[in-house]
Structure formats: structure tokens, C-alpha cells
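Structural overview for review
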Amino acid sequence: MMIKDQPYWLQKLATLRIDRARGNPAPHKPLLLLVILEMVEKGEITSRELFLSPDLAFRFSVFWSVVARRRKQPPEVRLPFHHLESSGIWQPLTADGKPSPDKKMTAMIRLDEQFFECLADFNFRDRAQRILIETEPYFQPEERVALYSMLQIRPAASEIRENQELYKASVQAGRDARFRIEVVVVAYKHRCALTGYRMTILAMESIVDAAHIHQFHNSRNNDPRNGMALSKNAHWQFDRGLWSVNDDYRVLVNREKFREEGMARQRLTDFEGRRISLPDDPRYWPEQDSLEWHRRHHGFTN
């Protein structure tokens, strides 16, 4: 059997077969590979088999936000999930573990054994990320800078020198995307902090938003501790100060600001005094300074 070492796989990553129709190279394959490299980095991929899950699809959609300006069609994770077979990096399989003939039937992938072994090496992952970001024509300059920021990788000095204003704007785009992943996926696992409700779908959407506690336009704070995962209704209510959170992470409700009707245990007032659903990792719990700002800004006295 041919020994496929790290240089072999790095060359594969630098020469992906991508659609170049209409002069707008498709970024699907390098984006999905960047998602998988980050998941390996976080210890979330520990075997060669990986299922097409709502969590993977949502991560792909967040990475896609970096290229959405030039790619008007909705992102479809099934495309690279199936078609990366052409690079030999993995094999697409159906739900029962058989080779998949079509993207609609691909439910899982099996990583090449030697590629999977390379993924265990930090230096390989770092080099692989940089190759995927820097290789022409996968990404445009501003997209490369945003991906560096999103993955918390220091960009090449030339990327900064070429256009300072572009660099600043692109860095912020990467940080915004990083905030969404850290809050929705990593910290809260798609669960609403107020209601505890969780729903994910393969259409690359989540029922929750990554909501800032101390408004971003005021704080410029994208630390995940300045965020909570909130369902659409809870997010709207929180931003308008209809509810807040005290120092013990219990729900405060400003009953004077609204009138509501609804089924029992589904109304906002039914959550008053309850403890919010917190991340498993205390390092992601909402920071007290942000909660204090939200209470003060919206006129809560307790």
C-alpha cells in the first residue's frame, strides 16, 4: 500500500477540484475542510466516521457567511460532504455504511486512514488550515483575513499591509462568525438559555441566535461570555428589556412593559425566578459585568 505522508495530503489540499463556473470559484470544499480541521482541534472528531449532522451543517453555514457576499445561492453542505471523495480524503457512505452514489444519499463519511492519522498532528493541522486559506483561487483577500480571524490564526504580514481598512473590516467579520459558533454551538449546544428548548435541522439553521448581552454596537465585545443562545422570541424580548438575568442567573421580568396571553408555562412571566440554562463549561457562563449593564440599561432594580 502506498504510504501517503503529510506532504502528500498538503498537496491534495492545495489542488482541490473546485467549480470555477462564471469566474467565481466555489469555496464549498475548502470551507468544509476548515470546519472539520477545527472540530478535530477541539476534540470533537475522534474516529474516522463522521455523520452529516445539524451541528456540522450549522457550522458550515457560519463559515459560509464569510463568502456570502459573492455567493448568492444558499450554502449546501451536502455538496462538499459527498464530492470531496474525488480528492481521496474520505469516502461518502449511506446510512447503512455502503458507498454512496449520490449526495442525497450520503449520510456519513469515512476519512482516509492515513489522512486521519495526519490530523492528530497539530503542526499538520496548522499548515493545512493556512494552505486552505491562502491557496489561489479558493478565497478572496478579505475572505482570507476573515477566516484567519475566525480561526484565531495570525495572518501573513502581507495580508495586513495590502489594505489596512479592508483588514480591519474583515477581521471583524471573522470575529462575528467566531462569536456565533462559540455561543450557539460550543457553549449552549443550540439550546435556548431562557426556555431550555433545542432544535436543529440539516438545512443549516438553528432555532437560537447568538445574542449579545451588552449590545455590541456599544461594547464592541464579542467574548462569548457576553452572549447567550436565545430563541427568536426570547432574543427579541431580551433586546427590548422585557426580561433580564440577576447575579444568580435567575430570570427577572419587567411586567410593566408588556401584556401577554398564551398557554401556561409558555408565557414570559412563567419563567420569572427560574435559573437560565447555563453552558456545561462554567468558562462560558454570562459575565456579571454584562448582565449588570443589561439590567441597568433596561431599568431593572433587583
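Analysis parameters
- Residue indices begin from 1 for each chain and proceed along its sequence in written order.
- Totals for whole chains, interfaces and linings use all residues, but because this is a predicted model, local features are given only for residues with pLDDT of at least 70 and pairs of side-chain atoms are given and counted only at 80 or more.
- Only heavy atoms go into the side-chain values, all of them from the structure, while hydrogens and water stay out.
- Criterion for a salt bridge: a side-chain nitrogen of Lys or Arg within 4 Å of a carboxyl oxygen of Asp or Glu.
- Secondary structure elements are defined from DSSP: runs of H or I of at least 4 residues count as helices, runs of E of at least 2 residues count as strands, and each element is numbered from the N terminus.
- We call a residue buried when its accessible area falls under 20% of the maximum for its residue type, exposed when it is over 50%, and partly exposed in between, using a 1.4 Å probe and counting protein chains only.
- In what follows, a contact means two residues having at least one pair of non-hydrogen atoms within 4.5 Å.
- We treat two strands as partners when DSSP finds at least two bridges between them.
- Axis angles are defined between N-to-C directions and span 0 to 180 degrees, where every axis is a line fitted to C-alpha atoms and, for a helix, only to the segment in contact.
- Roughly parallel means an angle under 35 degrees; roughly antiparallel means over 145; roughly perpendicular covers 65 to 115; every other angle is labelled oblique.
- Helix crossings are classified by the rotation of the near helix relative to the far one: an anticlockwise turn of less than a right angle makes the crossing left-handed, while a clockwise turn makes it right-handed.
- All amino acids are sorted into three groups, where Ala, Val, Leu, Ile, Met, Phe, Trp, Tyr, Cys and Pro are nonpolar, Asp, Glu, Lys and Arg are charged, and the leftover types, Gly among them, are polar.

On inspection of all chains with the given rule, the structure shows 20 salt bridges. The salt bridge involving Arg 178 is made with Glu 38; its shortest N-O contact spans 2.4 Å. Taken together, the positions of Arg 178 in helix 9 (residues 164-187) and Glu 38 in helix 2 (residues 28-41) put the pair 140 residues apart, joining distant regions of the chain. Between Asp 247 and Arg 295 there is a salt bridge, and its shortest N-O distance comes to 3.0 Å. Highlighted residues: Asp 247 in the loop between strand 8 (243-245) and strand 9 (251-253) and Arg 295 in helix 12 (residues 288-297), separated in sequence by 48 residues.

Next up on the list: the environment of Phe 271. Mapped onto the elements of the fold, Phe 271 is located in the loop between strand 9 and helix 12. On the basis of relative accessibility, which here comes to 7%, the residue Phe 271 falls in the buried class. When the C-alpha positions of Phe 271 and Ala 210 are compared, they lie 20 Å apart, and in sequence the two are 61 residues distant. The contacts of Phe 271, once residues within four sequence positions are left out, are Leu 194, Thr 195, Val 251, Arg 265 and Gln 266.

Attention now moves to the sheet that holds strand 1 (residues 49-51). Spatial strand order, 1-3-2: 3 strands in an open sheet with antiparallel pairing. Lying at the two open borders of the sheet, with one neighbouring strand each, are strand 1 and strand 2 (90-93). Each strand of the sheet is rotated relative to its neighbour by a mean of 25°, with strand direction disregarded. Where strand 1 and strand 3 (residues 108-111) come together, 3 bridges link them in antiparallel fashion. Its bridge partner lying in strand 3, Glu 49 is registered against Arg 110.

What follows deals with the packing of helix 2 against helix 3 (residues 54-64). Closest axis-to-axis distance for the helix 2/helix 3 pair is 10 Å, and the angle between their directions is 120°. Taken together, helix 2 and helix 3 sit at an angle that is classed as oblique. Handedness of the helix 2/helix 3 crossing: right-handed. Side by side, helix 2 and helix 3 meet where His 28, Leu 31, Leu 32, Leu 34, Val 35, Glu 38 and Met 39 of the first sit next to Leu 56, Arg 59, Phe 60, Phe 63 and Trp 64 of the second. Class assignment of the residues belonging to the contact of helix 2 with helix 3 gives a composition of 9 nonpolar, 1 polar and 2 charged.

Any link to function would need more than the numbers given here.
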